[in-house]
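Each chain, written out:
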Amino acid sequence: METTLVLIKPSGVQRGLIGEILNRFERKGLTVVGMKLKQLDSEILREHYAHLVDRPFFPSLVRSMTATPVVCLALRGLDAVSVVRQMTGVTNSRLALPGTIRGDFGMSGQENIVHASDTPENAALEVARFFAPGEIFDYKPCTLPAIYNPDEAAS
């Protein structure tokens, strides 16, 4: 099973979409193994968005991401990274397909409701960035037989 990171950004928090977003992931069959509210600062954002630090929009991104706390989610499931990425939709919400989180709730490239890890390698780094070791829980939900074939669940 793979674990991935999702951040419900201030745009999602301010619009009261936390429950709706969490509900979508749970209904899909992903397991919440970590969840907390966290106020981000420029230090963690410079690390998290290191590939964007030199871009002209970075100060705006920091203002946006520090407007309210974010909801940090660690989600587990088979192919969790790719499943979550498909569920969130493309970065620019105006181009995201209906049925995706960004497609249904967003109208912006920056105020795009959620961040989702893009690779299993980045997911591992990002989960470690936002969660201390004791904040990720390893348990098997009783619903697994209704979500996965037994051979899949053994993965």
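*Asks:* Go over the overall build of the chain with me, naming the residues and quoting the values.
*Replies:* Across its full length, the chain carries 9 helices and 4 strands. Over its C-alpha atoms the chain spans a radius of gyration of 15 Å, differing by no more than 12% from the 15 Å that the globule rule assigns to 155 residues. With respect to the three principal axes, the spread of C-alpha positions in the chain is 50 × 35 × 25 Å. Taken across its 155 residues, the chain has 48% of its residues classed as buried. Distance between charge centres in the chain, computed from 16 positive and 17 negative side chains, equals 7 Å.

*Asks:* Lay out the nonpolar core in plain terms, naming residues and giving numbers.
*Replies:* Ranked by size, the top nonpolar core spans 21 residues in total, and within it Ile21, Phe25, Leu30, Leu73 and Leu75 carry the most contacts. Looking at this core, the elements with two or more residues in it are β1 (2-8), α2 (18-28), β3 (70-77), α5 (80-88), α6 (101-105) and β4 (114-116). Residue contributions to this core peak at 4 residues, all from α5. Sequence-distant contacts of Leu75, defined by excluding residues within four places in its chain, comprise Glu2, Thr3, Thr4, Val6, Phe25, Leu30, Thr31, Val32, Val33, Ala80 and Val84. Core analysis: the second largest hydrophobic core is formed by 19 residues, Leu52, Val70, Ala74 and Phe131 among them.

*Asks:* How would you explain the layout of surface pockets if you had to name every residue and give the values?
*Replies:* Over the atoms rolls a probe the size of a water molecule, and its path tells where empty space is left. Its boundaries defined by the atoms lining it, the largest pocket holds a volume of some 510 Å³. Taken together, 22 residues form the lining of the largest pocket, with Tyr49, His51, Leu52, Thr91 and His115 sitting closest to its centre. Contributing elements (two or more residues each) for the lining of the largest pocket: α3 (42-48), β4 and α7 (120-130). Class assignment for the residues of the lining of the largest pocket results in 7 nonpolar, 8 polar and 7 charged.

*Asks:* Could you give an account of the pattern of salt bridges, naming the residues involved and the relevant values?
*Replies:* Evaluation of the coordinates by the stated rule reveals 5 salt bridges. Between Arg129 and Glu47 there is a salt bridge, with its nearest N and O atoms 3.0 Å apart. Taken together, the residues span a long stretch of sequence, with Arg129 in helix α7 and Glu47 in helix α3 at a distance of 82 residues. A relative accessible area of 22% means that Arg129 is categorised as partly exposed.

*Asks:* Got a sec to walk through unusual backbone geometry? Specific residues and values, please.
*Replies:* One non-glycine residue, Asp79, lies in positive phi territory at about 50°. One can find Asp79 in the loop between β3 and α5. Unusually for a residue other than glycine, Ile113 sits at a positive phi of about 75°. If you trace the backbone, Ile113 turns up in the loop between α6 and β4.

*Asks:* Could you give an account of the side chain of Ser93, naming the residues involved and the relevant values?
*Replies:* Within the element layout of this structure, Ser93 appears in the loop between α5 and α6. Beyond its immediate chain neighbours, meaning those up to four positions away, Ser93 contacts Arg102, Gly103, Gly106, Met107, Ser108, Gly109 and Asn112.

Basis of the calculations
Residues numbered from 1 in each chain as written. Predicted model: local features only at pLDDT ≥ 70, side-chain atom pairs only at ≥ 80, totals over all residues. Heavy atoms only, no water. Helix = DSSP H or I, 4+ residues; strand = E, 2+ residues; numbered from the N terminus. Rg over C-alpha atoms; globule rule 2.2 N^0.38 Å. Buried < 20%, exposed > 50% of the residue type's maximum accessible area, 1.4 Å probe, protein only. Lys, Arg positive; Asp, Glu negative; His and termini not counted. Charge placed at Lys NZ, Arg CZ, Asp CG, Glu CD. Core = buried A, V, L, I, M, F, W, Y, C linked by side-chain atoms within 4.5 Å. Contact = heavy atoms within 4.5 Å. 1 Å grid on protein atoms, 1.4 Å probe; cavity = no way out; pocket = protein on both sides within 12 Å on 5 of 7 lines; lining within 4 Å. Points joined across faces, edges and corners; volume = space filled by probe spheres on them. Nonpolar A, V, L, I, M, F, W, Y, C, P; charged D, E, K, R; others polar. Salt bridge = Lys/Arg side-chain N within 4 Å of Asp/Glu carboxyl O.

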